[in-house]
Each structure stands twice: as C-alpha cells, then as structure tokens.
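In case you want the letters, here they are:
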Amino acid sequence: MRDYVIMTDSCCDLTDQMARELELEVLPLTMRMDDREYPNYLDGRAITNEEFYRRLRAGKMSSTAAVNIGQFEERMRSLLDQGKDIVCIAFSSALSTTYQSAVIAAQEVGKAYPDGHIYVVDSLSASRGQGLLIYLAAQKKKEGLTAEELVKWVEDNKLHICHWFTVDDLNFLKRGGRLSAGAALFGTMLSIKPVMHTSNEGKLVPVGKVRGRKASLQALIDKVGELGVDLDKQIMFICHADCLAESEQVAAELKRRYGVRDVYIHYIGPVIGSHTGPNTMGLFFVGKER
C-alpha cells in the first residue's frame, strides 16, 4: 500500500502549527490589496491576519483569487515523485474555482504517473468548517485508513460538518452580491445581523435575522444544541475576523452549556475575510445534518 498525503488549500483557515502537525500539504489562495498580491500562507508570511484586518478596518478594499491549475500541478508532481499518493480536499466548488483547478491538474498530472493515485474531493465546506473536516480526516488517516477508505469517509461525513456564522458589517455582503444595497442600509440602521450557514450544496445561505450582536452570537450557540451530536465528546472550531474576546466568550459558553471538551479558535484568513469583513464569527461542529 502506497503512502499518501492529505492536500488542501488555505481556505481551511487552520493554524500553520496545526497544519504541520497533521502533515498537510496546503496551497495558498491569493488576496490582492493596493495593487499587490498576497499569497494566503497559513503562517502569515505575506501578510498577517492582524495587519489584514487593520487595513480592512481603515477602509482598504481587497479581492481574491483561487489556487490555479499550475500551482496544483507543481505540488502534485512533487509528491508523486516521492512515491506518495494524494487525497486533495478542496474549498467548496460553489464558492471558488479551486476545486475545479485541482480536478484538472490531477487529470493532467496523472497521465505521467500511471502507478500513482490522486483523489480530489469537493469539501462543500469553507473556512474552519473545511478545516474541521480535514482535521477529522487526518485523525482517520492516523488510525490507518487507506487513501480510498479516507475518500469514502470524507464523502460520507462532509455533510455532517455544520457551518454557522454571523456577519457584523452588511456592506461586505453587499459588495459580494449577496445582499442588495437597500437591504444593507436598512439592516445597518436597525442593527440587523444575519445568521447564515453553508448549505449541502456548499453555498452561503442566510437562514435568519436577529437584532443586535449579542443575539446573533447566541443564535450560533443555540444551533449547536439543535443540531449537534455527542456534544461532550466533540472538538469544535471557531473562526473570527478580529474579534477574539467574543470568540472566547462563545467558547466558554459552549463548554458551560453543552460540556464541549475543546474549542479551537483562530482567525478567518484574508481570503474569506475579504468577503465577510471584520467581526464575522463562525462556529463549526459535527451534527446530524448541516
């Protein structure tokens, strides 16, 4: 049985340390600001999360680009040259062309490596939801699952990774075409905060609206009780767009209310943060359904 590597992209929003501990191959998407491109490396070598959100709060605009075919081809060839197969778990195809790039690269590279195998899986996930899926997959790899068995496990379980989040500044959703200008203005005036999730199709979907920040964070916590399974045995992930103190409060409430064992907190990286804005918070856990 050939050894294999789990490959993914930087929209998993894992810490660099966790990615290294899990022995992941992570390819960066790109954020562009002030006519300069910043690869979204997990270690922040191009731009730190703190600096990115400082600039965003100061009114800077940013745009993003997917991992391209050439990036995938180069990394895939390198791993196959080492005699390793690849399980690539990519950012949702409904939100980026990254998955399609990986598929095309795998097909092209595979022609030259008849003994190698590249499996590309659409995570239908985003941010630390994608990260949680990969984290759990890496545990299964450590348990001894083959590449084929791991692909099946990911396909069987990816729609049980719940993604629930709230956005603080509606203007970022407006810029991304997910909210009309009128609705953004009206919602901002009334302090309306959307409660959203990532659907089974991998899309960002508004589910509800609440008045005020506190209520929006409470709505996320409530969803854990509604959808979560084996809460006292779970490891949950929180991602935040420069609102660490609130994230820690949510984590404490999850432990108090549900007996959650561990909650890992980290930033939303510059790529996803470009589309959601400062103070966005996401909560990710395993549930009976999304």
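Above this text is the structure in question.
Here we summarise the structure given alongside this text.

Reading guide: rules and limits
- Residues numbered from 1 in each chain as written.
- Predicted model: local features only at pLDDT ≥ 70, side-chain atom pairs only at ≥ 80, totals over all residues.
- Heavy atoms only, no water.
- Salt bridge = Lys/Arg side-chain N within 4 Å of Asp/Glu carboxyl O.
- Helix = DSSP H or I, 4+ residues; strand = E, 2+ residues; numbered from the N terminus.
- Pairing = 2+ DSSP bridges.
- Axes fitted to C-alpha atoms, helices over the stretch in contact; angles between N-to-C directions.
- Contact = heavy atoms within 4.5 Å.
- Expected span 1.5 Å × (residues − 1).
- Buried < 20%, exposed > 50% of the residue type's maximum accessible area, 1.4 Å probe, protein only.
- Core = buried A, V, L, I, M, F, W, Y, C linked by side-chain atoms within 4.5 Å.

## Quick notes on the pattern of salt bridges
In step 1: Counted under the stated rule, the structure contains 20 salt bridges.
In step 2: Measuring nitrogen to oxygen at the nearest pair gives 3.0 Å for the salt bridge that ties Lys193 to Asp168. Separated by 25 residues along the polypeptide, Lys193 in strand 9 (residues 192–198) and Asp168 in the loop between strand 8 (161–166) and helix 7 (170–175) bring together distant segments of the chain.

## Considerations on the sheet that holds strand 4 (residues 36–39)
In step 1: Taken together, the three strands give an open sheet; going across it, the order is 4-3-5, and neighbouring strands pair in antiparallel fashion. On the outer flanks of this sheet lie strand 4 and strand 5 (62–65), each paired with one strand and no other. The mean inter-strand angle of the sheet, taken between neighbouring strand axes irrespective of direction, is 30°.
In step 2: Taken strand by strand, helix 2 (residues 49–57) contacts strand 3 (30–33), strand 4 and strand 5, and its axis lies near 40° from that of strand 3.

## Notes on the sheet that holds strand 6 (residues 85–90)
In step 1: Across the sheet, which stays open at both edges, the four strands sit in the order 2-1-6-7 with parallel pairing between neighbours. Because the sheet does not close on itself, it has two edges, and the strands there are strand 2 (24–27) and strand 7 (118–122). Strand after strand, the sheet turns through a mean of 20° between neighbouring axes, direction not considered.
In step 2: In the sheet, strand 1 (residues 4–9) pairs with strand 2 via four bridges, with the strands oriented parallel.

## Brief notes about helix 9 (residues 213–227)
In step 1: Along its 15 residues, helix 9 runs 22 Å from first to last C-alpha, staying within 8% of the 21 Å computed at 1.5 Å per residue.
In step 2: Here helix 9 has its buried residues at Arg213, Ser216, Leu217, Ala219, Leu220, Ile221, Lys223, Val224 and Leu227.

## Points about the nonpolar core
In step 1: Ile6, Phe72 and Met76 are the most contacted members of the largest nonpolar core, which totals 64 residues.
In step 2: The dominant element in this core, judged by the number of residues it contributes, is helix 5 (residues 127–142), at six residues.
In step 3: Apart from the residues lying within four places of it in its own chain, the contact partners of Phe72 are Met7, Leu27, Val67, Cys88, Thr98, Ser101, Ala102 and Ala105.

## Brief notes about the pairing of strand 9
On a regular strand, each side chain points to the face opposite its neighbour's, so the side chains alternate between the two faces of the sheet.
In step 1: Counting buried positions along strand 9 yields seven of seven residues, so the element is predominantly enclosed.
In step 2: Burial along strand 9 is two-sided: the face carrying Ile192, Pro194, Met196 and Thr198 and the face carrying Lys193, Val195 and His197 are both buried.
In step 3: In the sheet, strand 8 pairs with strand 9 via three bridges, with the strands oriented antiparallel. The residue bridging Phe165 from the neighbouring strand is Met196, located in strand 9.
In step 4: Where strand 9 lies against strand 10 (residues 204–211), seven bridges are found, and the strand directions are antiparallel. The partner of Val195 across the bridge, within strand 10, is Gly208.

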